[in-house]
Amino acid sequence: MTDSSPQRSLGTQPVRWHGDRLELLDQRLLPTEEHWITAQGASAVAQCITDMVVRGAPAIGISAAYGVALAARHAGGSENWQAEVKKAIDELAQSRPTAVNLFWALQRMEKVFRDCSALDEAVERLAAEAVLIHREDIAANLAMADHALEVMNPQQAIGVLTHCNTGALATGGYGTALGVIRRLHERNLLEKVYADETRPWLQGSRLTAWELSRDEIPVTLNADGAAAAILASGKVRWVVVGADRITANGDVANKIGTYSLAVLARYHGVGFMVVAPSSTVDMELPEGAQIPIEEREGKEVREIRGIPLAPTGVDVFNPVFDVTPANLIDAIVTEKGAVRKPDAAGMKALFA
């Protein structure tokens with residue numbers, strides 16, 4: 001499918017590279033404040049990833065790659081520059097446990113690093129590799145949108161429901177699942193987007209609704225608990241989500257609440273599509289039960305920006321992700337193409 005769109009916006013990109021520093025849009029403060037944090041070293045980048053200044057699997061990988069480039073730049077004058085860069089890679093690897101893009105990007109950077117015999121060479125080559133990773137992500141998002149529309153094959157404008165934020169803010173630009181929504185909008189094939197609020201960090205209300213409204217894409221925000229009623233209404237043809245890790249059999253780890261949507265979509269006869277770059281696919285992991293699921297502190301559920309929502313000290317279950325079994329997914333779409341009704345054989349055919 002070729003793209004005949006006369007104009008295209010890549011959206012608000014969350015990462016700005018300036019050669020000697022990295023600027024990250026503080027997504028914790030959106031939509032009320034647009035504040036950029038300057039990171040001049042790998043430790044600062046790692047802290048931003050841990051604190052969710054930057055989030056979204058592709059954006060995390062891109063940021064980590066730039067973090068390695070900064071480590072080399074600031075190792076100047078040190079006789080142990082190789083040890084400093086390796087230490088930075090290890091520190092960045094500890095910042096978030098679930099998103100495989102982080103480790104994929106760091107492995108690429110480490111491979112380049114190992115081929116460098118001098119610090120000046122490492123500074124130049126690592127920066128170039130990070131920029132390449134960033135550019136490749138944008139190109140992948142554009143390709144994914146084309147593949148997704150081939151699977152959807154909409155004959156008229158359709159309604160879509162999405163979860164969390166998978167747009168330009170979560171990637172190098174354009175977006176994964178929101179990239180598909182952008183493409184539908186560009187081609188006048190989008191009736192409306194329903195955006196789950198996505199508790200407890202509210203990425204749907206704070207980020208997705210902000211991003212779509214900013215780009216004049218029709219969006220309706222809904223509480224997570226309203227998704228079933230929306231799907232039952234017949235107003236949605238596809239649920240489109242992203243992923244933080246996809247295993248060899250097609251199981252998908254994504255933002256908590258995704259599994260519930262997949263069950264609801266199957267019951268109501270609504271298509272369920274996962275859109276993510278091939279760097280999110282972990283063919284070394286056989287199935288979703290083996291994915292490490294990050295759990296965060298209970299304070300994130302008990303309060304919002306210091307406002308109490310629950311009794312102080314009440315026990316909280318706060319997993320960041322859940323795992324959707326492959327048999328509930330209609331299609332997994334990457335820049336390499338789509339796997340329909342994913343299983344181990346289909347995944348192997350496209351990604352092995």
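Nothing here was measured: the structure is a model prediction, and the numbers come from that model.

Visitor: Lay out the confidence of the model for the protein with the relevant residues and their values.
Guide: When pLDDT is averaged along the protein, the result is 94, and 97% of the positions lie at 70 or above. Note on residues 1-6: pLDDT is under 50 here. Beyond four places in sequence and across chains, it has 12 contacts.

Visitor: Go over the sheet that holds strand 14 (residues 321-324), please, and point to the residues and values.
Guide: With respect to topology, 4 strands assemble into an open sheet ordered 11-8-9-14, the strand pairing being mixed. The sheet is open, and its two edges are formed by strand 11 (281-282) and strand 14, each paired on a single side. Across the face of the sheet, helix 9 (residues 258-268) comes into contact with strand 9 (252-255) and strand 14 while running at roughly 35 degrees to strand 14.

Visitor: I'd love a proper account of unusual backbone geometry, names of residues and values included.
Guide: The step from L30 to P31 runs through a cis peptide bond, and the omega angle for that step is 10 degrees. Its location among the elements puts P31 in the loop between strand 2 (22-25) and strand 3 (36-39). R199 connects to P200 through a cis peptide bond whose omega is 0 degrees. Note that P200 resides in the loop between strand 5 (190-196) and helix 7 (203-214).

Visitor: Residue-level account of the nonpolar core, with values.
Guide: Counting 42 residues, the largest nonpolar core has V68, V85, L92 and L126 as its most contacted members. For this core, the secondary structure elements donating two or more residues are strand 2, helix 1 (42-50), helix 2 (57-73), helix 3 (81-93), helix 4 (100-114) and helix 5 (119-152). Per element, the largest residue contribution to this core is 11 residues, and it comes from helix 2. Each residue touching L92, except ones within four places of it in the same chain, is listed here: A42, V45, A46, I49, A64, G67, V68, L102 and L106. If you look at the next biggest cluster of nonpolar residues, it comprises 25 residues, including A227, I246, V252 and F351.

Visitor: Just give me the short version of empty space enclosed by the protein, but keep the residues and values in it.
Guide: On inspection of all chains with the given rule, the structure shows 2 cavities of 30 Å³ or more. Computed from the structure, the largest cavity encloses a volume of approximately 210 Å³. Lining the largest cavity are 25 residues, with R55, G56, A57, N165 and D244 positioned closest to its centre. The set of elements that each furnish at least two residues to the lining of the largest cavity consists of helix 2 and strand 9. When its residues are assigned to classes, the lining of the largest cavity shows 12 nonpolar, 9 polar and 4 charged. Taken as a whole, the second largest cavity spans an internal volume of roughly 70 Å³. What lines the second largest cavity is simply M52, R199, P200, W201, Q203, K255, I256, R296, E300, N318, P319 and V320. Here the lining of the second largest cavity is composed, by residue class, of 6 nonpolar, 2 polar and 4 charged.

Visitor: Please provide a residue-by-residue account of the pairing of strand 10 (residues 271-275), values included.
Guide: Within strand 10, 5 of the 5 residues are buried, which leaves it mostly tucked inside the rest of the structure. A two-sided burial pattern is seen for strand 10, the buried positions comprising G271, M273 and V275 on one face and F272 and V274 on the other. In this sheet, strand 10 lies alongside strand 7 (residues 238-241) in parallel orientation, the contact comprising 4 bridges. Its bridge partner lying in strand 10, V240 is registered against M273. In this structure, strand 10 lies alongside strand 15 (residues 331-334), joined through 3 bridges in parallel fashion. Opposite M273, over in strand 15, you have A331 as the bridge partner.

Visitor: Which residues make up helix 7, and what are the values?
Guide: An α-helical segment advances 3.6 residues per turn. Residues three or four places apart therefore align on the same side. With 9 of 12 residues buried, helix 7 is to be regarded as a mostly interior element. Next to the buried residues of helix 7 lie strand 4 (158-162), helix 6 (177-186), strand 5, strand 6 (219-222) and strand 9. With its phi angle positive at about 60 degrees, E216 sits one or two positions after the end of helix 7.

Visitor: Tell me about the layout of surface pockets, and please be specific about residues and values.
Guide: In this approach, a probe sized like a water molecule rolls over the atoms, and the result shows the empty space that is left. One number sums up the size of the largest pocket: a volume of about 480 Å³. Surrounding the largest pocket, 23 residues form its lining, W104, P277, S278, S279 and V281 being those nearest its centre. Broken down by element, the residue count for the lining of the largest pocket peaks at 7 residues, all from helix 4. In terms of residue class, the lining of the largest pocket is built from 12 nonpolar, 5 polar and 6 charged. In terms of lining, the second largest pocket is formed by 13 residues, of which the most central are W201, E300, E303, I304 and R305. Where the lining of the second largest pocket is concerned, the elements lending two or more residues are helix 10 (299-302) and strand 12 (303-304). Of the residues belonging to the lining of the second largest pocket, the class tally is 4 nonpolar, 1 polar and 8 charged.

Basis of the calculations
- Residues numbered from 1 in each chain as written.
- Predicted model: local features only at pLDDT ≥ 70, side-chain atom pairs only at ≥ 80, totals over all residues.
- Heavy atoms only, no water.
- pLDDT = per-residue confidence, 0-100.
- Contact = heavy atoms within 4.5 Å.
- Pairing = 2+ DSSP bridges.
- Helix = DSSP H or I, 4+ residues; strand = E, 2+ residues; numbered from the N terminus.
- Axes fitted to C-alpha atoms, helices over the stretch in contact; angles between N-to-C directions.
- Core = buried A, V, L, I, M, F, W, Y, C linked by side-chain atoms within 4.5 Å.
- Buried < 20%, exposed > 50% of the residue type's maximum accessible area, 1.4 Å probe, protein only.
- 1 Å grid on protein atoms, 1.4 Å probe; cavity = no way out; pocket = protein on both sides within 12 Å on 5 of 7 lines; lining within 4 Å.
- Points joined across faces, edges and corners; volume = space filled by probe spheres on them.
- Nonpolar A, V, L, I, M, F, W, Y, C, P; charged D, E, K, R; others polar.

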